[in-house]
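In case you want the letters, here they are:
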2 protein chains.
Amino acid sequence: MAEIGFVGLGNMGRPMALRLIAAGHAVRGFDVAAPAREAAGAAGIPTVEELAATAAGAEAVFTMLPAGADVRAVYCDAGGLLAVAGPDTLLVDSSTIDLETARDVHAEASAGGIAMLDAPVSGGVGGAEAGTLTFMVGGEASDVARGEPLMAAMGRNIVHAGGPGNGQAAKMCNNMILGVSMIAVSEAFALAERVGLDAQTLFDIVSTASGQCWSLTSYCPVPGPVPSSPANRDYRAGFTAAMMLKDLRLARGAAQANGANTPLGSHAASLYEQYCADGEEGSDFSGIIRMLRGGG
Amino acid sequence: MAEIGFVGLGNMGRPMALRLIAAGHAVRGFDVAAPAREAAGAAGIPTVEELAATAAGAEAVFTMLPAGADVRAVYCDAGGLLAVAGPDTLLVDSSTIDLETARDVHAEASAGGIAMLDAPVSGGVGGAEAGTLTFMVGGEASDVARGEPLMAAMGRNIVHAGGPGNGQAAKMCNNMILGVSMIAVSEAFALAERVGLDAQTLFDIVSTASGQCWSLTSYCPVPGPVPSSPANRDYRAGFTAAMMLKDLRLARGAAQANGANTPLGSHAASLYEQYCADGEEGSDFSGIIRMLRGGG
């Protein structure tokens, strides 16, 4: 079993670190916020008082941070992970961040002879607790192979999406389709209601037709057809609208930076901006149907 | 076997009428355009010279017409089907038209004691030729039961979507989701290309994740992952961009008329308007990825 550092002990990092411990690994957790460190300690995660201590002699360090600026600071600042990690330590960033930062930090790690992966996850807090996350991984194949047994303690699917940054790229593309299709399905249900077409009937027809999509058949935004979907519990997340907005903004930013044309992805971002501005950041992202029902 | 009238012998109506004949029914075809009548006759469909002759003593009359105005004329004009059909003739409109016309004509038929169904189809010319169409049917259950054996000669799925007009409503909602999701998937592939994420890798990841949708996994807009998709034959339709635009406009019109809010559906309509204006009306609707790749 391995010595593993874990940086970022928030809603996602804490249950992920606990899965590593449950698999028998020796984890040293760190969070820049003392209350998060204390909560992690109370949950049974051994913590250290400084970032550098997560890396000393560790086989791997995982990071789970809110945004690109946090990742850049934790890796690249004086005393950051790239300065303190030894040549045998694998660095795995599971944060969901912008592509440019992910690739910059990868390049800086490479230049210093340090192995690194970008490995954002999907599956949310529930998946982190259950150890059923999907890891979308960018980096060298040999590094992916090293990280795989550790990720397997926290996830069920580990997919290699290509070189540095491609884990972020894959997640961003997937979630852009997800956000757009959730709105499309919501618009269809809202239109059906207005014209007197029963929701269950619409579900039955579309779910076996060319409109079929995961947003409909696994995460239906109206109560009834899919009992496990958040619509059946008043849109308690699940996957929050704020997280969906974050991912749509990352996709929009990458599109702008790389000259790609994503009109519906960008439109979906502005609809989620509007939904979050209505005070719904913490609701499940499928709750956007309530805004669309408002009429137009 | 039944005497059946068939009005509208175009690209869809002709092969549908031929399926009825192949099932042993006696068909009398009519089209307002003499060349279409002649082509149908040459293809083996007995034709009549007047609309009224399709209905005389017929068990059912099917109509397959381009737009709502045509349906209104064929049913409601002096000498139209509602004037000439007997009380025992079932009228089945398989045209894809606006909801308002569908419901108006239904109401007029009802007022005259004539049984009618709206039964638009999906599956395209290929599905019509193979007899594998899906019929989405609105009307009284007892009338659907009468029409079902006849529709079964032309289609594989006959789904009852509710009362008058609900066949149109179901098709419109399904195809709005389809059009939006095809663009979303295309945007994702175009973005992936720009950021160096391989198309097959993106397909493999998204097809088992929350971005999964029929547009990706059954009709992938890039060549390779789904061998049967039109992307592999230079976007030869398939389902034309013009037909998708028609359906998106019907959805937009119904949304406007009924106070529903369909921002991404309407945006998809304008993107298909732009694609068709580029001279791509006859291309498969998945070819819109070529426009999106243009950059932005």
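Residues numbered from 1 in each chain as written. Chains lettered and ligands numbered in written order. Predicted model: local features only at pLDDT ≥ 70, side-chain atom pairs only at ≥ 80, totals over all residues. Heavy atoms only, no water.

Trainee: I keep staring at the overall build of chain A and nothing clicks. Help me out?
Mentor: Of regular secondary structure, chain A possesses 14 helices and eight strands. Relative to its length of 296 residues, chain A is compact, with a C-alpha radius of gyration of 20 Å against a globular reference of 19 Å. In terms of overall dimensions, chain A has C-alpha extents of about 65 × 45 × 35 Å along its principal axes. Across the 296 residues of chain A, 57% fall into the buried class. Within chain A, residue pairs in contact and separated by at least 24 positions form 63% of the contacts whose partners lie at least 6 positions apart. (Helix = DSSP H or I, 4+ residues; strand = E, 2+ residues; numbered from the N terminus. Rg over C-alpha atoms; globule rule 2.2 N^0.38 Å. Buried < 20%, exposed > 50% of the residue type's maximum accessible area, 1.4 Å probe, protein only. Contact = heavy atoms within 4.5 Å.)

Trainee: Quick question: what am I supposed to make of the packing of helix α13 (residues 263–280) of chain A against helix α9 (residues 166–195) of chain B here?
Mentor: Packed helices, taken two at a time, are described by the angle between their axes plus the distance between the axes. Interaxial distance between α13(A) and α9(B) falls to 8 Å at its minimum, and their mutual angle equals 105 degrees. Compared by their axis directions, α13(A) and α9(B) come out roughly perpendicular. Contact with α13(A), carried on its side by Pro263(A), Leu264(A) and Gly265(A), involves Val180(B), Ile183(B) and Glu187(B) of α9(B) and no other residues of that element. Across the contact of α13(A) with α9(B), the residue classes tally to four nonpolar, one polar and one charged. (Axes fitted to C-alpha atoms, helices over the stretch in contact; angles between N-to-C directions. Parallel < 35°, antiparallel > 145°, perpendicular 65-115°, else oblique. Nonpolar A, V, L, I, M, F, W, Y, C, P; charged D, E, K, R; others polar.)

Trainee: Help me understand the pattern of salt bridges in this model?
Mentor: Close approach of charged atoms lets side chains of opposite charge pair. Residue and element names in this part refer to chain B. Counted according to the given criterion, the structure contains 16 salt bridges over all chains. Arg37 is the salt-bridge partner of Glu49, the closest N and O atoms lying 3.5 Å from each other. Of this pair, Glu49 sits in the loop between α2 (34–42) and α3 (52–55) while Arg37 is found in helix α2, placing the two residues 12 residues apart along the sequence. Judged by its relative accessible area of 14%, Arg37 falls in the buried class. Here Glu280 makes a salt bridge to Arg290, at a shortest N to O gap of 3.4 Å. Residue Glu280 is located in helix α13 (residues 263–280), and its partner Arg290 is located in helix α14 (residues 288–292); the two are separated by 10 residues in the primary sequence. (Salt bridge = Lys/Arg side-chain N within 4 Å of Asp/Glu carboxyl O.)

Trainee: Where do I start with the packing of aromatic side chains in this structure?
Mentor: Within a pair of aromatic rings, the relevant descriptors are the distance that separates the centres and the angle that separates the planes. Applying the stated criterion across every chain, the model contains 10 aromatic pairs over all chains. Measuring from ring centre to ring centre gives 5.3 Å for Tyr219(A) and Phe285(A), while their planes differ by 35 degrees; the resulting arrangement is tilted. Placement of Tyr219(A) in the loop between α11 (214–217) and α12 (241–258) and of Phe285(A) in the loop between α13 and α14 (288–292) is noted, with a sequence separation of 66 residues between them. Here Tyr219(A) and Phe285(A) have matching classes, each one buried. Seen in terms of ring centroids, Phe239(B) and Phe285(B) are 5.5 Å apart; in terms of plane orientation they differ by 80 degrees. Their pairing is edge-to-face. With Phe239(B) in the loop between α11 (214–217) and α12 (241–257) and Phe285(B) in the loop between α13 and α14, the pair connects residues that are 46 residues apart, well separated along the chain. Each member of the pair, Phe239(B) as well as Phe285(B), is classed as buried. Counting every residue linked through ring pairs, the aromatic cluster contains Trp214(A), Tyr219(A), Phe239(A), Tyr272(A) and Phe285(A). (Phe/Tyr/Trp six-rings, centres within 6.5 Å; stacked < 30°, edge-to-face > 60°.)

Trainee: Just checking my understanding: could you explain the interface of chain B and chain A for this structure?
Mentor: By a widespread convention, an interface's size corresponds to the accessible area lost as its parts come together. Taken together, the contacts link 56 residues of chain B with 56 residues of chain A. For the chain B and chain A pair, buried surface summed over both sides reaches about 4700 Å², with 69% attributable to carbon and sulfur atoms. Among the residues of chain B in contact with chain A, Ile177(B), Leu191(B) and Leu264(B) are the three that bury the most area, contributing 14% of the side total. Our enumeration of links across chain B and chain A arrives at zero salt bridges. Of all the secondary-structure elements, those providing two or more residues to the side of chain B that touches chain A are α6 (99–111), β8 (155–162), α9, α10 (199–206), α12, α13 and α14 of chain B. Of the residues forming the side of chain B that touches chain A, the biggest block, 20 residues, is contributed by α9(B). By residue class, the composition of the side of chain B that touches chain A is 36 nonpolar, 17 polar and three charged. (Buried area = accessible area lost by both parts, 1.4 Å probe.)

Trainee: Can you walk me through unusual backbone geometry in this structure?
Mentor: Residues other than glycine predominantly adopt negative phi, and peptide bonds predominantly adopt the trans conformation. Residue Gly238(A) follows Ala237(A) across a cis peptide bond; omega there is 10 degrees. Along the chain, Gly238(A) turns up in the loop between α11 and α12. A positive phi angle is found at Asp234(A), which is not glycine, with a value near 55 degrees. Structurally, Asp234(A) can be placed in the loop between α11 and α12. Overall, the relative accessible area of 60% leaves Asp234(A) in the exposed class. Within the chain, Tyr235(B) stands out as a residue other than glycine whose phi angle is a positive 65 degrees.

Trainee: Is there a simple way to think about the pairing of strand β1 (residues 3–7) of chain B in this case?
Mentor: Consecutive side chains of a regular strand alternate in pointing toward one face of the sheet and then the other. All names here are of chain B. Across the five residues that make up β1, a large majority, four, are buried. Bridging between β1 and strand β2 (residues 26–30) involves five bridges; their strand directions are parallel. Bridge pairing links Gly5 to Arg28 in β2. Where β1 and strand β3 (residues 60–63) come together, four bridges link them in parallel fashion. Across the sheet, Ile4 pairs through a bridge with Ala60, a residue of β3. (Pairing = 2+ DSSP bridges.)

Trainee: Explain the nonpolar core to me, please; I cannot follow it from the model alone.
Mentor: It is characteristic of soluble globular proteins that their nonpolar side chains tend to be buried jointly. Counting 108 residues, the largest nonpolar core has Phe189(A), Leu191(A), Tyr272(A), Phe189(B), Leu191(B), Leu197(B) and Tyr272(B) as the members making the most contacts within it. Ignoring any residue separated from it by four or fewer positions in sequence, one finds Leu191(B) in contact with Met172(A), Cys173(A), Ala251(A), Ala254(A), Ala255(A), Ala260(A) and Thr262(A). (Core = buried A, V, L, I, M, F, W, Y, C linked by side-chain atoms within 4.5 Å.)

Trainee: Looking at this model, I keep getting lost on the confidence of the model for chain A. Mind explaining?
Mentor: One rule of thumb: low pLDDT means the predicted coordinates there are not for detailed reading. Confidence in the prediction for chain A averages 97 pLDDT; 99% of positions are at 70 or higher. Interface predicted TM-score (ipTM) for the complex: 0.96; the corresponding pTM is 0.96. (pLDDT = per-residue confidence, 0-100.)

Trainee: Honestly, the environment of Gln212(A) in this entry has me stumped. Any pointers?
Mentor: Relative to the elements of secondary structure, Gln212(A) occurs in the loop between α10 (199–206) and α11. Owing to a relative accessible area of 14%, Gln212(A) belongs among the buried residues under this scheme. Taking the C-alpha atoms as reference, Gln212(A) lies 25 Å from Arg249(A); in sequence the two are 37 residues apart. Apart from residues no more than four positions distant in its own chain, Gln212(A) is found in contact with Val206(A), Ser207(A), Thr217(A), Gln212(B), Cys213(B) and Trp214(B). Here Gln212(B) takes part through its side chain, which lies 3.0 Å from a polar atom of the side chain of Gln212(A). (Polar contact = N/O pair within 3.5 Å; in protein donor to acceptor, adjacent residues only side chain to side chain.)

Trainee: In this structure, what is going on with the relation of the copies chain B and chain A? I would like to understand it.
Mentor: The operation linking the two copies of the chain is a rotation about an axis combined with a translation along the axis. Superposing chain B onto chain A takes a rotation of 180 degrees plus a shift of 0.0 Å along the axis, which leaves an RMSD of 0.0 Å. Expressed as a symmetry operation, the mapping of one chain copy onto the other fits a two-fold axis. For chain B, the minimum C-alpha distance to the rotation axis belongs to Cys213(B) and amounts to 1.9 Å. Residue by residue, 100% of the interface of chain B is reproduced at the interface of chain A, so both copies engage with the same surface. (Least-squares fit on C-alpha atoms with pLDDT ≥ 70 in both.)

Trainee: Which parts of the structure should I look at to understand helix α4 (residues 68–76) of chain A?
Mentor: All names here are of chain A. The complete set of buried residues in α4 reads Gly68, Val71, Val74 and Tyr75. On an axial view of α4, the arc spanned by its buried residues comes to 130 degrees, and they lie on one face. Structurally, α4 contributes buried residues whose contacts are with β1 (3–7), β3 (60–63), α5 (81–84), β4 (90–93), α6 (99–111) and β5 (116–118). (Arc of directions from axis to C-beta.)

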